[in-house]
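Per-entry structural report
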Amino acid sequence: MAKRKRPAKSEENETNNKVILPQKKHYRQRAHANPFSDHSLDYPTSPDAVDWAIHYPAFASSGRAPEFADVGCGFGGLLIALAPLYPDVLMLGLEIRVQVSQYVQDRIAALRVSSQPQSSPDIAETHPAPYQNVSVVRANAMKFLPNYFAKHSLSALFFLFPDPHFKSRKHKARIISPTLLAEYAYVLRPGGIVYTITDVHDLHLWMDSHLKNFPLFEPVSEQVLREEGKGPIIDAVYTSTEEGKKVERNNGQKWLACFRRIEP
């Protein structure tokens, strides 16, 4: 029998150093979760109680907090798409489902390792590797959003393909409602943007009308946002999420509605 040839040292190191990204098939869970159920969540008493250095170790000395929040981030597609485009902006995903939030956490950890620059520590400190600016928490945004974000601390809030809750008796569980809009206006700084998108036209009309009727938000068109340099964000909102890709595969339609936080 011929003796098996030992791989070259460079090939062996490449195999040993290869980072395997997590696979969604190992993190199966129901598509939606009841936000009114007791999910045994641990949450901070206030934003000051959050140690963001744990989430963003590369920015530990900066004392900064997240500016982008993806509510119901799912498998983290938006975060992963935006992270390298805005490397100096801290972003946080909030996901209530255990397995899904664990997947995002593992995905970010793997991407951080696989994208480590082969450079000196001094360069790495001034130019953090990709994905150091994104993190995720398992949280119920309908109950605990102000526990994580201080007043006027966010510049962008994302609600991408949220649970439509089709039945009328379930509409109270929709992520856009008059009561919750007050909290979104509280954490969003003046000039900040709320991004919503869905493939359910009825839900689009619901979110659009509630945001229009709230005195601290005004609609802003996609064209205006692109002219303001937010085109990469809009593109990611359309295409980066699992739901968005599924809609494209099924030749479905997407409805986008964006609103700017204003002073009364």
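Every residue gets a number counted from 1 within its own chain, in the order that chain's sequence is written. Local features in this predicted model are restricted to residues of pLDDT 70 or higher, and side-chain atom pairs are both shown and tallied only at a pLDDT of 80 or more, whereas totals for entire chains, interfaces and linings draw on every residue. The side-chain numbers reported here are obtained from all heavy atoms of the structure, hydrogens and water having been left aside.

In this description a helix means any DSSP run of H or I spanning at least four residues, a strand means any run of E spanning at least two, and both kinds are numbered starting from the N terminus. Looking only at helices and strands, one finds 11 helices and seven strands in the chain. A simple rule labels every residue: compare its accessible area, found with a 1.4 Å probe on the protein chains alone, to the largest value its type can have, and call it buried under 20%, exposed over 50%, or partly exposed in between. Looking at the chain residue by residue over its 264 residues, the buried ones come to 47%. Residue contacts follow a heavy-atom distance rule, with two residues in contact if any of their heavy atoms lie within 4.5 Å. Put simply, 80% of the contacts in the chain that link residues at least 6 apart link residues at least 24 apart. Residue exposure ignores everything except the shown protein chains as possible cover, and the areas themselves are Shrake-Rupley values with a 1.4 Å probe. Summing over all exposed atoms, the chain offers an accessible surface of approximately 14,400 Å²; the carbon and sulfur share of this is 51%.

Take the sheet that holds strand S1 (residues 68–71) next. When DSSP finds two or more bridges between two strands, those strands count as paired. The mixed open sheet is built from seven strands, whose spatial order is S3-S2-S1-S4-S5-S7-S6. The open sheet has two edge strands with one neighbour each: strand S3 (134–138) and strand S6 (217–220). The average undirected angle you get between the axes of adjacent strands in this sheet is 20°. Relative to strand S4 (residues 154–160), S1 is paired through three bridges, and the arrangement is parallel. Paired with Asp70 across the bridge in S4 is Phe158. Where helix H7 (residues 178–187) meets the sheet, it contacts S4, strand S5 (188–198), S6 and strand S7 (255–261), and its direction lies at approximately 130° from that of S5. Axes here refer to lines fitted to C-alpha atoms; in helices the fit is confined to the stretch in contact. Angles between the N-to-C directions go from 0 to 180 degrees. Across the sheet, helix H10 (residues 231–239) touches S1, S4, S5 and S7, and the angle it forms with S5 is around 30°.

Of all five residues that make up S3, four are buried, and the element is covered over most of its length. Here strand S2 (residues 91–95) pairs with S3 via five bridges, running parallel. By the bridge assignment for S3, Gly93 is matched with Val136.

In this section: the side chain of Thr241. Within the secondary structure, Thr241 sits in the loop between H10 and helix H11 (242–249). If we skip the residues at most four places from it in the chain, Thr241 touches Leu78, Leu160 and Phe161.

Per the UniProt entry, the sites bearing "active site" (unreviewed entry) are Asp163 in this numbering. Note on placement: Asp163 falls in the loop between S4 and H7. UniProt positions are given in the numbering used here, feature names are shortened, and annotations may be inferred rather than shown by experiment.

All right, on to the packing of aromatic side chains then. Here a Phe, Tyr or Trp ring, Trp counted by its six-membered ring, pairs with any other such ring whose centre lies within 6.5 Å, and the pair is stacked when the planes are under 30 degrees apart, edge-to-face when over 60, and tilted otherwise. Evaluation of the coordinates by the stated rule reveals eight aromatic pairs. Centroid distance Trp52 to Tyr56: 6.2 Å. Interplanar angle 40°. Geometry classified as tilted. Here Trp52 and Tyr56 have matching classes, each one buried. Between Phe75 and Tyr103 the ring centres are 5.3 Å apart and the planes differ by 80°, which places this aromatic pair in the edge-to-face class. With Phe75 in the loop between S1 and helix H3 (77–82) and Tyr103 in helix H4 (residues 98–114), this residue pair connects regions lying 28 residues apart in the sequence. In this structure, Phe75 and Tyr103 share a single accessibility class: buried.

A separate point is the packing of helix H6 (residues 141–148) against H7. Put simply, H6 and H7 touch, their axes get as near as 10 Å, and they point 20° apart. Judged on the interaxial angle alone, H7 and H6 are roughly parallel. Crossing angle aside, the handedness with which H6 passes H7 is left-handed. Taken together, the residues of H7 that come into contact with H6 (itself represented by Ala141, Met142, Leu145 and Pro146) are Leu180, Glu183, Tyr184 and Val187. Oblique is the label for any angle not under 35 degrees, not over 145, and not in the 65 to 115 range, which are roughly parallel, roughly antiparallel and roughly perpendicular in turn. Note on convention: near helix rotated counterclockwise from far helix by under a right angle means a left-handed crossing. Clockwise means right-handed.

Let us now look at the pattern of salt bridges. What counts as a salt bridge is simple: a side-chain nitrogen of Lys or Arg found within 4 Å of a carboxyl oxygen of Asp or Glu. Summed over the entire model, instances satisfying the criterion amount to 10 salt bridges. The partner of Glu222 in a salt bridge is Arg226, with the nearest N and O atoms 3.0 Å apart. With Glu222 and Arg226 both in helix H9 (residues 222–227) and four residues apart, this pair spans about one turn of that helix. For Glu222, a relative accessible area of 28% gives the class partly exposed. As a salt-bridge pair, Arg226 and Asp235 come within 2.8 Å of each other at their nearest N and O atoms. One salt-bridge network, in which partners are shared between bridges, spans Glu222, Arg226 and Asp235.

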